[in-house]
Amino acid sequence: MIFPGGFRTRSDRFRKFHRFPAAKLGVAMVVQIFSWIVLGLALLALGAFGVTSIKEREWRAVLVTTLFVVFGLGPFALVLVLNFPGRQALLMVMLLFAGLVLVALLVPFGKKTSLQVTGPIPRLDERDALFHRFYRLKPGTEDFEAYYDEHQDKLDFDNKLRALPGLAEPGSKTFEPVSSNYHASMDSQLEYLNRFLDEDLEPLGTPPENFSSQELTWRTRQFARFLGADLVGCTRLNQSHVYSHVGRGSGAFGSPIDLSHHTHALVIAVRMSSEMVRRAPGLPALTETSFRYLQLANMAMVLARYINRLGYSARAHVDGNYRVMCVPIAVDAGLGELGRLGLLVTRNYGPRVRLAVVTTDLPLLPDKPKNFGVQEFCGICAKCATNCPSGSVDKGKKRQHRGVEKWRTEMDSCYRTWRKLGSDCGVCVKVCPYSHPDTFMHKLVRFVISTNPMARRLMLLADDIFYGRRPMKRPPSPPWFS
Ligand code: SF4
Ligand code: SF4
């Protein structure tokens, strides 16, 4: 700046000396440098994704990545190394495009809605759920007659299914004389454990002095992790998520359930192997499911015993013997969100998890529910619905059901598919974009999905391109299944 009188200020000299590098190097040089950086980063990202895909043996993704490198980055590299009129302008357009893509993927905007509770949630009678009809009601018993007297509309459908062999049983589609026994043996062990579930529920002794709820919560969570839980969450127990009457598991059929003295719940989740889930539907995926439920039963029962020994009442809720609905409690405990397929979708493993709950009067410090964009992503994705062999997953918009706005899965047709296949199907879990392995690249994608609506659309498009809209191809079963 020149003052009246002709003096130059210090800042004028400073500016003259330290001009912006663009001016020194020239715009062309800056564009060139940025272009090389963008090309390098894109190569690095696609290279890392390619390596991840090779490790996961996702050959379609490997092929698409190679095509992207050759036909996407190849021309970019050619523009960089060749000299022709208009090259500078073309590079600037490419850089602008890359910048816009980055902004679209990384800048957070738009709202993320949580699950909408629209009214009171009435308690569900477990006899109105599906599994008890096939696992608890035995033809010829009083309970059987009484149930079908009231629900005559279901009798014909249920009897047709009863005529089919059970999961992995002789005569079923998946039956194999040796490897079907992996599932059967774990299933019978789970049944054995279930016999002891209702023993020792009450406190042994009195709660330890000088231990705050915070300390006890922390120790219980750490213990759950030690036992093998991949995810642990705590919540106040919403009594709406407690079944009103026994339908399955221990206790007299139809007897009322009272868990009003249990004020809190601990939820544990274990992830399922993505390798086994990718083989759904079939015996490997069914074996994986049984294994995870058995693991969870052991963990949840030990945790309930541990809490009893601390001087509090506790009950484990495990496969085949629930008194509560695990998914809404897991949502309350911040383990994930409810997905279109009716299962919990977790941030790192998607729906590729199994759950167990321990209810208790130990005042566990509650976690907060999480929101990372699942409701919005499910709204545009519907891959589970597109691939469901029985059309059981809702393809449309969310609807009101028992006081909550959500998608509904038709359980009767889903279970009919299980019996026809002789396995627990699991195609919806397998195809979900959140189910990919928990590697760095997939974590990055899950982060991007949570940022904004545009990123969600782009990531869904990418999932369809890299893995297919109908990724039904199954890798061969491991040799110990053949
Ligand atoms: S388990 Fe299979 S049949 Fe059932 S909802 Fe999922 S995809 Fe459909
Ligand atoms: S497949 Fe898509 S719609 Fe279905 S649960 Fe997963 S993200 Fe949601």
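Residues numbered from 1 in each chain as written. Chains lettered and ligands numbered in written order. Predicted model: local features only at pLDDT ≥ 70, side-chain atom pairs only at ≥ 80, totals over all residues.

A. A look at the site of ligand 2. By nearness alone, 14 residues border ligand 2, and Gly339, Cys378, Cys381, Cys384 and Cys432 come closest of all. The set of elements that each furnish at least two residues to the shell around ligand 2 consists of α14 (374-381) and α15 (383-387). Per-element accounting of the shell around ligand 2 gives the leading share, three residues, to α14. Across the shell around ligand 2, the residue classes break down as 11 nonpolar, one polar and two charged. (Near = placed C-beta within 6 Å. Helix = DSSP H or I, 4+ residues; strand = E, 2+ residues; numbered from the N terminus. Nonpolar A, V, L, I, M, F, W, Y, C, P; charged D, E, K, R; others polar.)

B. Looking closely at the domain arrangement of the protein. Examined at the domain level, the protein breaks down into domain 1 (10-106) and domain 2 (116-435). One C-alpha centre belongs to domain 1, the other to domain 2, and the line joining them spans 48 Å. (Domains from an automatic or database assignment.)

C. Structural context of the confidence of the model for the protein. Scored by pLDDT, the protein comes out at a mean of 91, with 95% of its residues at no less than 70. The low-confidence segment residues 1-10, where pLDDT is below 50, has six contacts with residues more than four positions distant or belonging to other chains. (pLDDT = per-residue confidence, 0-100. Contact = placed C-beta atoms within 7 Å.)

D. Representation of the sheet that holds strand β7 (residues 353-360) within the structure. One open sheet holds the four strands; their spatial order is β2-β3-β7-β4, and the pairing between them is antiparallel. On the outer flanks of this sheet lie β2 (231-236) and β4 (314-317), each paired with one strand and no other. Taking each pair of neighbouring strands and ignoring which way they run, the sheet shows an average axis angle of 20 degrees. Looking at chain direction, strand β3 (residues 264-271) and β7 are connected through eight bridges and run antiparallel. Bridge pairing links Val270 to Arg354 in β7. The sheet contacts of helix α12 (residues 283-309) involve β3, β4 and β7, and relative to β7 the element is tilted by about 20 degrees. (Pairing = 2+ DSSP bridges. Axes fitted to C-alpha atoms, helices over the stretch in contact; angles between N-to-C directions.)

E. The arrangement of the packing of helix α3 (residues 27-56) against helix α4 (residues 59-81) in detail. Two numbers describe how α3 lies on α4: the axes approach to 10 Å, and their chain directions differ by 165 degrees. As summarised for this structure, α3 and α4 are arranged roughly antiparallel, according to the angle between their axes. The two elements α3 and α4 cross, and the hand of that crossing is left-handed. In this structure, α3 contributes Ser35, Trp36, Leu39, Ala42, Leu43, Leu46, Phe49, Gly50, Ser53 and Ile54 to the contact, and α4 contributes Ala61, Val62, Thr65, Thr66, Phe68, Val69, Leu73, Phe76, Ala77 and Leu80. Of the residues belonging to the contact of α3 with α4, the class tally is 15 nonpolar, five polar and no charged. (Parallel < 35°, antiparallel > 145°, perpendicular 65-115°, else oblique. Left-handed = near helix turned anticlockwise from the far one by under 90°.)

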